[in-house]
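# Structure at a glance
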Amino acid sequence: EAGVTQFPSHSVIEKGQTVTLRCDPISGHDNLYWYRRVMGKEIKFLLHFVKESKQDESGMPNNRFLAERTGGTYSTLKVQPAELEDSGVYFCASSQGDRGRYDEQYFGPGTRLTVT
Amino acid sequence: GDSVTQMEGPVTLSEEAFLTINCTYTATGYPSLFWYVQYPGEGLQLLLKATKADDKGSNKGFEATYRKETTSFHLEKGSVQVSDSAVYFCALLEAGTALIFGKGTTLSVSS
């Protein structure tokens, strides 16, 4: 069974440009999460999809970030326009979603975003 | 709100040394607790977990016990190897929420 995949693995863009990150969850997983780790800090939650609906987007830093999950399969996270402080590693995770605090999340390898 | 605090790194050890990485948490309910590991160039992997008080999670020689009385979930390994060099994250999960992580502890093991 394929795990969670993310694309690209690395992205280097200039301030003001746009970048779109993609996440493909494990097949059949209804829950999809985005997290971010800024250099040296903790991994922080950004948002949570249940199928195609945004369940919780309380972690999204501002309106320059837009996440979508069309059809309840893969998800994209767009940053427009990118700022220097957006640099970090963006992780995607998926879970089956019906087990509460027993619901194990499986993580992708992350996308390292560098904004110069 | 809920939070996780883990010891700051980096932790530098010689091969076969004993490892402890401290983790404490605050939570309003009864969370599950996790240790995730990120090896160089790879993504986050679940190392071990515990879902209730006094549970012990174990994997690859690592162990952690869910201590409700001290709100702790310290990671231990009796004899580390060079291949254990990685970043270790303590995390908690309450029902209906996302994972809450600590800042991560970098472990470097030399031969």
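Since this is a predicted model, take the numbers as computed values, not measurements. (Residues numbered from 1 in each chain as written. Chains lettered and ligands numbered in written order. Predicted model: local features only at pLDDT ≥ 70, side-chain atom pairs only at ≥ 80, totals over all residues. Heavy atoms only, no water.)

### Section: the overall build of chain B
Within chain B one finds zero helices and twelve strands. Secondary structure elements of chain B, listed N to C terminal, follow the sequence β-β-β-β-β-β-β-β-β-β-β-β. Expressed as lengths along the three principal axes of its C-alpha atoms, the size of chain B is roughly 40 × 25 × 20 Å. Each of the 111 residues in chain B was classed as buried or not, and the buried ones make up 47%. In chain B, the proportion of contacts linking residues at least 24 apart, taken out of those at least 6 apart, comes to 54%. For chain B, the computed accessible surface area is about 5000 Å², with 48% contributed by carbon and sulfur atoms. Charged side chains in chain B number 8 positive and 12 negative. The centres of these two groups are separated by 5 Å. (Helix = DSSP H or I, 4+ residues; strand = E, 2+ residues; numbered from the N terminus. Buried < 20%, exposed > 50% of the residue type's maximum accessible area, 1.4 Å probe, protein only. Contact = heavy atoms within 4.5 Å. Areas by Shrake-Rupley, 256 points an atom, 1.4 Å probe, with all protein chains shown as cover. Lys, Arg positive; Asp, Glu negative; His and termini not counted. Charge placed at Lys NZ, Arg CZ, Asp CG, Glu CD.)

### Here we look at the pattern of salt bridges
Here the structure, examined in full by the defined rule, presents nine salt bridges over all chains. In this structure, Lys54(A) engages Glu57(A) in a salt bridge whose closest nitrogen and oxygen atoms are separated by 3.9 Å. A salt bridge links Lys56(B) to Glu63(B), with the nearest nitrogen and oxygen atoms 3.6 Å apart. The class of Lys56(B) is exposed, set by a relative accessible area of 52%. A relative accessible area of 34% places Glu63(B) in the partly exposed class. Among the charged side chains, a network of salt bridges with common partners joins Arg36(A), Arg64(A) and Asp86(A). (Salt bridge = Lys/Arg side-chain N within 4 Å of Asp/Glu carboxyl O.)

### A closer look at the environment of Thr70(B)
All names here are of chain B. On the secondary structure map, Thr70 appears in the loop between β8 (62–65) and β9 (75–77). Along the chain, Thr70 and Glu8 lie 62 residues apart, while their C-alpha atoms are 19 Å from each other. Looking at Thr70, its side chain comes within polar contact range of the side chain of Ser72, at 2.8 Å. (Polar contact = N/O pair within 3.5 Å; in protein donor to acceptor, adjacent residues only side chain to side chain.)

### Focus on the environment of Glu16(B)
All names here are of chain B. With respect to the element layout, Glu16 can be found in the loop between β2 (11–14) and β3 (19–21). Exposure remark for Glu16: the relative accessible area of 61% places this residue in the exposed category. For the pair Glu16 and Phe62, spaced 46 residues apart in sequence, the C-alpha separation works out to 13 Å. With residues near it in sequence (within four places) discarded, Glu16 still touches Gly78, Ser79 and Val80.

### Focus on the sheet that holds β9(B)
Residue and element names in this part refer to chain B. Spatially, β3-β9-β8-β7 is the arrangement adopted by the four strands of the open sheet, whose pairing is antiparallel. Looking at the sheet topology across the chains shown, the edges are occupied by β3 and β7 (56–59). Across the sheet, the mean angle from the axis of one strand to that of its neighbour is 15°, orientation sign disregarded. As paired elements, β7 and β8 share four bridges and run antiparallel to each other. Following the sheet pairing, Ser58 is matched in β8 by Glu63. (Pairing = 2+ DSSP bridges. Axes fitted to C-alpha atoms, helices over the stretch in contact; angles between N-to-C directions.)

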